[in-house]
Structures are given as structure tokens and as C-alpha cells.
Amino acid sequence: MNRRQYLAGTGVLVSSGAIGATETGRAHQNDDSSDRTGEETDDGRGPATRTVLHLSSDDAAEQEMALMNAKNLSEDPTVNNREIRFVANMRAIFAYVEGETEHADLVRSLAESGVEFKACENAMATLDVSESELLPVVDTVPSAVGEIAKRQAEGYGYLKVP
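Given the structure is predicted, the values throughout are model-derived calculations rather than measurements. (Residues numbered from 1 in each chain as written. Predicted model: local features only at pLDDT ≥ 70, side-chain atom pairs only at ≥ 80, totals over all residues. Heavy atoms only, no water.)

## Notes on the overall build of the chain
And then number 1: When you go through the chain residue by residue, the secondary structure sums to six helices and five strands.
And then number 2: Secondary structure of the chain in N-to-C order comes out as α-α-β-α-β-α-β-α-β-α-β.
And then number 3: For the chain, buried positions account for 35% of its 162 residues.
And then number 4: A total of about 9500 Å² of accessible surface is found on the chain, and carbon and sulfur atoms cover 49% of it. (Helix = DSSP H or I, 4+ residues; strand = E, 2+ residues; numbered from the N terminus. Buried < 20%, exposed > 50% of the residue type's maximum accessible area, 1.4 Å probe, protein only. Areas by Shrake-Rupley, 256 points an atom, 1.4 Å probe, with all protein chains shown as cover.)

What follows is the structure, encoded as C-alpha cells:
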């Protein structure tokens, strides 16, 4: 299949709602969940947002790019960030391991600015990483996918970062 055929087919799927993005968006428009603030700010930044960023890559360059995405989001003056939660699973948890990560200073800096960092306990058990090996600013969650699912149910936006 050539590129044009692929793009044409993708357009049909998206425009028909077959992929689900259209229907999902409509379902959320009618959601009056009390967990969503929807409060406009006086400074024009719009409603308060809560975002979960999900990292599963063990590649140092991709980890840095993902952390920079969190930094850019937290510093964007046009976004009313209420919460930013960064969840790592699989081998990405090594981005949080003291002495194993080249990103320790960036993680600490982001945590000081309010970004919450979560490590998947399932991945930690599989990779034989103890909680004491994590940077002190990192908390653990039983499973990354469970954490992400709970936050999405609470109205958090989801971003899969590299």
C-alpha cells in the first residue's frame, strides 16, 4: 500500500468515527463529572487541566524528550495546569533510579515545580528495583496502567510520551 492509499484510508476511518476519537470526544462533552473543574481563570488561561504523561521507553534520549514535554507543559503560560502526573512503567522506571539515570536533576527540578512522579511497582518487581533505589521525589503505584485508567476516569488528559 502506498502512502496516499494509507492516508486516504485513515481519513475515512477518522471521519466516520470508526477509530473512536470522534465518539469519545462527544461522550466527554456531556460529562458533568465533579472531578473536572471547568473553572475559567481571570487570566485567560482557560479551564484547569489535569494531565497524566505515560513513559515506557528505556531510551535515554526519549526519556529526556518526555521529561522536557512535562517541563514545557508545566511552564506554558497559556495552560492552567492543576496537576501534572508523570507515570513510568517497564524499563522507563530506570529514569527514576538514583545512580542509573542521567535525568535526576531534571526530575528533581520538575518535582519541585509540582510535577508528580509515579513508578510502576509491577515493573519494579520484574526488574528487581526496590523503592529505596528510586529518587526521593518518586512515589510508587501498584500498576502504571491501573494508575492511568483511574486518572482518565477522573477526567485527566492522557499523553503517551516517547
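## Observations concerning the packing of helix 3 (residues 60-75) against helix 4 (residues 104-112)
And then number 1: Relative orientation of the contacting elements helix 3 and helix 4 amounts to 25 degrees, with a least axis distance of 11 Å. Relative to helix 4, the element helix 3 is oriented roughly parallel. Seen from above, helix 3 lies across helix 4 with left-handed handedness. Only L106, V107 and L110 of helix 4 make contact with helix 3, whose side of the interface consists of L67, M68, A70, K71 and S74.
And then number 2: Broken down by class, the residue content of the contact of helix 3 with helix 4 amounts to six nonpolar, one polar and one charged. (Axes fitted to C-alpha atoms, helices over the stretch in contact; angles between N-to-C directions. Parallel < 35°, antiparallel > 145°, perpendicular 65-115°, else oblique. Left-handed = near helix turned anticlockwise from the far one by under 90°. Contact = heavy atoms within 4.5 Å. Nonpolar A, V, L, I, M, F, W, Y, C, P; charged D, E, K, R; others polar.)

## Concerning the nonpolar core
And then number 1: If you look at the biggest cluster of nonpolar residues, it comprises 36 residues, and the most contacted ones within it are F86, Y96, F117 and L134.
And then number 2: Residue assignment for this core shows that the elements contributing at least two residues are strand 1 (48-55), helix 3, strand 2 (80-88), helix 4, strand 3 (116-120), helix 5 (121-126) and helix 6 (144-153).
And then number 3: Residues within four places of L134 in sequence aside, it is in contact with Y96, V97, E98, A119, M124, V129 and T140. (Core = buried A, V, L, I, M, F, W, Y, C linked by side-chain atoms within 4.5 Å.)

## Here's the deal with the environment of M90
And then number 1: Along the chain, M90 turns up in the loop between strand 2 and helix 4.
And then number 2: For the pair M90 and C120, spaced 30 residues apart in sequence, the C-alpha to C-alpha distance is 7.6 Å.
And then number 3: When neighbours within four sequence positions are excluded, M90 is seen to be in contact with S56, A123 and L127.

## A few points about the sheet that holds strand 5 (residues 157-160)
And then number 1: Pairing is parallel in the open sheet, where five strands are placed in the order 4-3-2-1-5. Edge positions in the sheet fall to strand 4 (138-141) and strand 5, since each of these pairs with one other strand and no more. Averaged over neighbouring strand pairs, the angle between their axes works out to 30 degrees when direction is ignored.
And then number 2: Relative to strand 5, strand 1 is paired through four bridges, and the arrangement is parallel. (Pairing = 2+ DSSP bridges.)

## Some remarks on the pairing of strand 3
Each regular strand shows side chains that alternate between the opposite faces of the sheet.
And then number 1: With respect to burial, strand 3 is a largely interior element, four of its five residues being buried.
And then number 2: Where strand 2 and strand 3 come together, four bridges link them in parallel fashion. Across the sheet, residue F86 finds its bridge partner in strand 3, namely F117.
And then number 3: Two strands pair when backbone bridges link them, and strand 3 and strand 4 are joined in this way by four bridges, in the parallel orientation. When the sheet's bridge partners are listed, K118 is paired in strand 4 with D139.

## Quick notes on the packing of aromatic side chains
And then number 1: In total, this model carries two aromatic pairs according to the counting rule given.
And then number 2: Aromatic pair F86 and F117: ring centres 5.4 Å apart, planes at 45 degrees, arrangement tilted. With F86 in strand 2 and F117 in strand 3, the pair connects residues that are 31 residues apart, well separated along the chain. In terms of burial, F86 and F117 fall into one category: buried.
And then number 3: Where Y96 meets F117, the ring centres are 5.7 Å apart and the plane angle is 80 degrees; that geometry is what we call edge-to-face. (Phe/Tyr/Trp six-rings, centres within 6.5 Å; stacked < 30°, edge-to-face > 60°.)

Everything listed here is a matter of geometry and, on its own, says nothing about what the molecule does.
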